[in-house]
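# Descriptive structure summary
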Amino acid sequence: MNNNRYKILVIEDENNIRSFAKAILEANDYQVLTAETCGNGIMMFSSHRPDLVLLDLGLPDKDGLEFIRFLRDRQEVVPILVLSARTNEADKIEALDLGANDYITKPFGTGELLARVRAALRVSRYNGSMLASDGKFTLHDLVIDYDRRIITIAGEEIKLTQTEYNILVLLARHTGKVLTYATIIREVWGPSDDGGVKKLQVNMANLRKKLGEKPGDNRYIINELGVGYRICEETH
Ligand code: CA
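Structure report, in brief. (Residues numbered from 1 in each chain as written. Predicted model: local features only at pLDDT ≥ 70, side-chain atom pairs only at ≥ 80, totals over all residues. Heavy atoms only, no water.)

This part covers the pairing of strand β6 (residues 136-139). Only one face of β6 is buried, namely the one carrying Phe-137 and Leu-139, since none of Lys-136 and Thr-138 on the opposite face is buried. Two elements, β6 and strand β7 (residues 142-145), share four bridges in a ladder whose sense is antiparallel. Within β7, the residue paired with Phe-137 across the bridge is Ile-144. (Buried < 20%, exposed > 50% of the residue type's maximum accessible area, 1.4 Å probe, protein only. Helix = DSSP H or I, 4+ residues; strand = E, 2+ residues; numbered from the N terminus. Pairing = 2+ DSSP bridges.)

Looking now at the sheet that holds β7. Across the sheet, which stays open at both edges, the four strands sit in the order β6-β7-β8-β9 with antiparallel pairing between neighbours. A single partner strand is all that each edge strand has here, and the edge strands are β6 and β9 (156-158). Going from strand to strand, the sheet's axes swing by 25 degrees on average, the running direction of each strand aside. Relative to β9, strand β8 (residues 150-153) runs antiparallel, the two sharing three bridges. The residue bridging Ile-153 from the neighbouring strand is Glu-156, located in β9. Each of β6, β7 and β8 is contacted by helix α6 (residues 162-172), which is oriented at about 100 degrees to β7, the strand it contacts most. (Axes fitted to C-alpha atoms, helices over the stretch in contact; angles between N-to-C directions. Contact = heavy atoms within 4.5 Å.)

Here we take up the packing of aromatic side chains. Taken as a whole and judged by the stated rule, the model has three aromatic pairs. Judged by centre distance (6.3 Å) and plane angle (85 degrees), the ring pair of Phe-45 and Phe-67 falls under edge-to-face. In this pair, Phe-45 sits in helix α2 (residues 38-48) while Phe-67 sits in helix α3 (residues 64-73), placing the two residues 22 residues apart along the sequence. Summarising the burial analysis for this pair, Phe-45 and Phe-67 share the class buried. Here Arg-173 stacks its cationic end above the ring of Tyr-146, 4.4 Å away from the centre of that ring. (Phe/Tyr/Trp six-rings, centres within 6.5 Å; stacked < 30°, edge-to-face > 60°. Lys NZ or Arg CZ within 6 Å of the ring centre and 35° of its normal.)

Okay, the coordination of the calcium ion next. Taken together, the protein ligands of the calcium ion are Asp-13 (OD), Asp-56 (OD) and Gly-58 (O), with distances of 2.2 to 2.4 Å. Among the residues examined, Asp-13 registers a relative accessible area of 29% and is labelled partly exposed. (Donors = N, O, S within 2.8 Å, 3.2 Å for Na, K, Ca; no water.)

Distances and angles like these do not, on their own, reveal function.
And the structure:
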């Protein structure tokens, strides 16, 4: 048994979901703490300093968004994965914009939960960047060479516009995190831009076409419908 096990705090008031998540995580050698309310979650967080938080938004005492605000107000960088019902697109967007890393739609399976947890922990380990020591980002056969500002797929250079390059690099720098439309637009075009989602979608479509992705493909970029985009992760 290793002593460096990651500590995960699960804040969820539904017994079956909480037990399910706890059982899966413990079976995979994570140390699990649980809380059933926002208030208790904040207490558990402060006394146990977990490495990651799984957070339900519909909690009996307060909105789970309050938990995210509490942490981010204190500049806590612990990754937060939101557990969300399928219907709450607006909630997901608000949670992500407040600083949650990612969300998992209920009901979720074992594989999905573990993949999202691993990705979020990996991001925090690399301090928000998957930049390798050689200054390159690699995903399958795609390589971003940051120094030379060149993208290649299987060794072939892909010609991107400045905007397309910036979008891809932004996503790559946030592996394991869903970026909302608003976040991407602000980061790529600046805070005063009002071109909106349409311009992003056009650029994204062109970018994905150049990467050889067909609609529905999830090789490099995943479209989180109605919410934003994420870069894929290599499965380890
Ligand atoms: Ca709930």
